[in-house]
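Given next are the chains, with one letter for each unit.
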Amino acid sequence: MSRVCVHGLGYIGLPTAAVLANSGHEVAGYDTDRAVRDSVRNADVQIDEPGLDELLRQAVESGRLTAADEIAEARYHLICVPTPFDEETRRPGLEYVDAATEAVAEVLREDDTVILESTVPPGTTEERVRPVLEESGLEAGTDFGLAHCPETVLPGNILAELRENDRIVGGIGPESTEPAVELYDSFVDGAIRTAEDPTTAEFVKLIQNTFRDVNIAFANETARIAHDYDVDTREAIDLANGHPRVDLLSPGPGVGGHCLPIDPWFLGVGSDSLDLVPTARRVNDGMSAFVIELLRELLGDLDGAKIAVLGAAYKGNVDDTRKSPGLALARELREGPKTPLAAADGERPDGPRVVVHDPHVEDPSIELTDFDTAVSGADALVITADHDEFETLDPRALRERMSTPNVVDTKQMLRLRRWRDAGFSARRI
């Protein structure tokens, strides 16, 4: 087992550090945020991820995971820092990767291996990380290892997928790839596949997520077309998927999370060949407008109507609100497209009254409403996250508490016949 320094203790870095420590490695976790380091020392998980609290407690109590106030020397350095996305320029911010790289360069020793896990545009490891590390006087691929191994986990199932998912390692020569493979082989049950170089590994991660985004866009466009023909989209997709060579994905209110809405744009940083990607992004980002169209079919004029958006997280049973379709819908209902989510006193005077409820999210930066207040006097409910709590809602009880019984199900959570039998007018994507 080896000494590992994990740079960045967020959604990916913290679970990775805990898994490594519980696999027998000596792990130093470093984060620039002192509060994050203190929470790790106290085994206090700030991320809503099943099983992480117990795994972190075990790692800290065993002494194999410590929170470092300074960058630690280590046999392996894993860079797991965020890569923020600029909506206007559609380009990633690599300032955290740069800062972590500079910090590693100060403690880099011969025979160490540096692995970048952060999602980055193709070429970042070789063209941006390598030159900074080589300012140490050591040469990548000869004196130290340098590789890219993208994370591919899904919030809500991170711990299982860290172990079970296949991993792709692309290093600068075998002197980089082999030690990186050795590290992942110590805790990964899935296959460890090697790429020719770091750029290929970076590219593969991006096209994996772009594939999903583009195919969701086709499902979403199918839903809009089906609506024009009064066809049930879900039934049509289910029947279509009976063909052995067809596998349509499910439509929904849009695409959320840190990966799918963002990674496709990373492909265009060094290429002018993006044609399909911008169209798919436009379709998926336009699903809020389609949901509003369904609401207008139910309510007519939305001015003054109370609409309860159920789901601030971007997916079911997690607290992750990054690029949340539910919040995008609330924003567009309140203020029109492309404006920040506003508080109640910032709503258009002639627009609908919008409230947002989520049983999994606790975020003071987002205005959330408890369930009872949200549904009381509502003219419509919109399900935008597939939380288990929403699947068991009682339509008859809700009908008595709402002003008018209308519901739009964007996640196929409800048995619409049951809701219609209870007196609701219902639509779904």
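Each remark here, short or long, concerns the structure printed above.
Residues numbered from 1 in each chain as written. Predicted model: local features only at pLDDT ≥ 70, side-chain atom pairs only at ≥ 80, totals over all residues. Heavy atoms only, no water.

**Student:** Break down the overall build of the protein chain for me, with residues and values.
**Tutor:** Within the protein chain one finds 17 helices and 15 strands. Computed over its C-alpha atoms, the radius of gyration of the protein chain comes to 24 Å, within 12% of the 22 Å expected for a compact globule of 429 residues. C-alpha extents for the protein chain along the principal axes are approximately 70 × 45 × 40 Å. Looking at the protein chain as a whole, 52% of its 429 residues qualify as buried. (Helix = DSSP H or I, 4+ residues; strand = E, 2+ residues; numbered from the N terminus. Rg over C-alpha atoms; globule rule 2.2 N^0.38 Å. Buried < 20%, exposed > 50% of the residue type's maximum accessible area, 1.4 Å probe, protein only.)

**Student:** I'd love a proper account of the packing of aromatic side chains, names of residues and values included.
**Tutor:** Evaluated as defined, the whole model comprises three aromatic pairs. Where Trp419 meets Phe424, the ring centres are 4.8 Å apart and the plane angle is 70 degrees; that geometry is what we call edge-to-face. Neither Trp419 nor Phe424 differs from the other in exposure class; each is buried. Looking at Arg75, its charged tip hangs above the ring of Tyr76, at a distance of 4.8 Å from the centre. Against the face of Tyr11 rests Arg322, its NZ or CZ located 4.1 Å from the ring centre. (Phe/Tyr/Trp six-rings, centres within 6.5 Å; stacked < 30°, edge-to-face > 60°. Lys NZ or Arg CZ within 6 Å of the ring centre and 35° of its normal.)

**Student:** Describe the nonpolar core, and please don't skip the residues or the numbers.
**Tutor:** With 37 residues, the main nonpolar core has Val6, Leu20, Leu65, Leu78, Ile115 and Tyr184 as its most contacted residues. If you tally residues by element for this core, the top one is helix H1 (residues 13-22), at six residues. Leu65 has contacts with Ala17, Ala18, Ala21, Val27, Gly29, Val40, Leu56, Ala59 and Val60, leaving out every residue within four places of it along the chain. (Core = buried A, V, L, I, M, F, W, Y, C linked by side-chain atoms within 4.5 Å. Contact = heavy atoms within 4.5 Å.)

**Student:** For a nonpolar patch on the surface, give the residues involved together with the corresponding values.
**Tutor:** Nonpolar side chains collect at one region of the surface, where Ile225, Tyr229 and Val231 lie side by side and expose about 320 Å² of accessible area between them. The residue Val231 is located in the loop between helix H8 (198-228) and helix H9 (233-240) in this model. Classification of Val231 by relative accessible area gives partly exposed; the value is 41%. (Patch = residues over 30% accessible without salt bridge, like charges linked within 9 Å, V, L, I, M, F, W, Y side chains within 5 Å. Areas by Shrake-Rupley, 256 points an atom, 1.4 Å probe, with all protein chains shown as cover. Salt bridge = Lys/Arg side-chain N within 4 Å of Asp/Glu carboxyl O.)

**Student:** Tell me what's going on with the sheet that holds strand S13 (residues 380-383), and back it up with residues and numbers.
**Tutor:** Pairing is parallel in the open sheet, where five strands are placed in the order S12-S11-S13-S14-S15. Since the sheet does not close on itself, it has two edges, and those belong to strand S12 (353-357) and strand S15 (425-428), each with one partner. Going from strand to strand, the sheet's axes swing by 15 degrees on average, the running direction of each strand aside. Inspection of the sheet shows strand S11 (residues 306-310) paired to S13 by four bridges, in the parallel sense. In the sheet register, Val309 faces S13, and the bridge partner there is Val382. Most of the contacts of helix H13 (residues 325-335) go to S12, to which it runs at about 165 degrees, and overall it touches S11, S12 and S13. (Pairing = 2+ DSSP bridges. Axes fitted to C-alpha atoms, helices over the stretch in contact; angles between N-to-C directions.)

**Student:** Explain the pairing of strand S2 (residues 26-30) to me, and be specific about the residues and the numbers.
**Tutor:** Taken across its five residues, S2 has four buried, putting it largely inside the fold. Looking at chain direction, strand S1 (residues 3-7) and S2 are connected through five bridges and run parallel. Bridge assignment links Arg3 to a residue of S2, and that residue is Glu26. Pairing between S2 and strand S3 (residues 65-68): four bridges, direction parallel. Of the residues in S3, the one forming a bridge with Ala28 is Thr66.

**Student:** So what about the environment of Met402? Which residues, and what values?
**Tutor:** Counting through the fold element by element, Met402 comes out in the loop between helix H16 (395-401) and strand S14 (406-409). You can call Met402 buried: its relative accessible area is 7%. Considered as a pair, Met402 and Leu108 are 294 residues apart in the sequence and their alpha carbons are 62 Å apart. Leaving out residues up to four positions away in the same chain, Met402 has contacts with Val375, Gly377, Ala378, Asp379, Ala380, Leu381 and Phe424.

**Student:** Hey, could you go over H13 for me, with residue numbers and the actual values?
**Tutor:** For H13, the buried fraction is high: nine of the 11 residues fall into the buried class. Listing the buried residues of H13 in full gives Pro325, Gly326, Leu327, Ala328, Leu329, Ala330, Glu332, Leu333 and Arg334. Where the residues of H13 are buried, they touch helix H12 (287-299), S11, S12 and S13. Where H13 begins, the side chain of Ser324 points an oxygen toward the backbone nitrogen of Gly326, at a separation of 3.2 Å. One or two positions beyond H13, positive phi appears at Gly336, with a value near 90 degrees. (Polar contact = N/O pair within 3.5 Å; in protein donor to acceptor, adjacent residues only side chain to side chain.)

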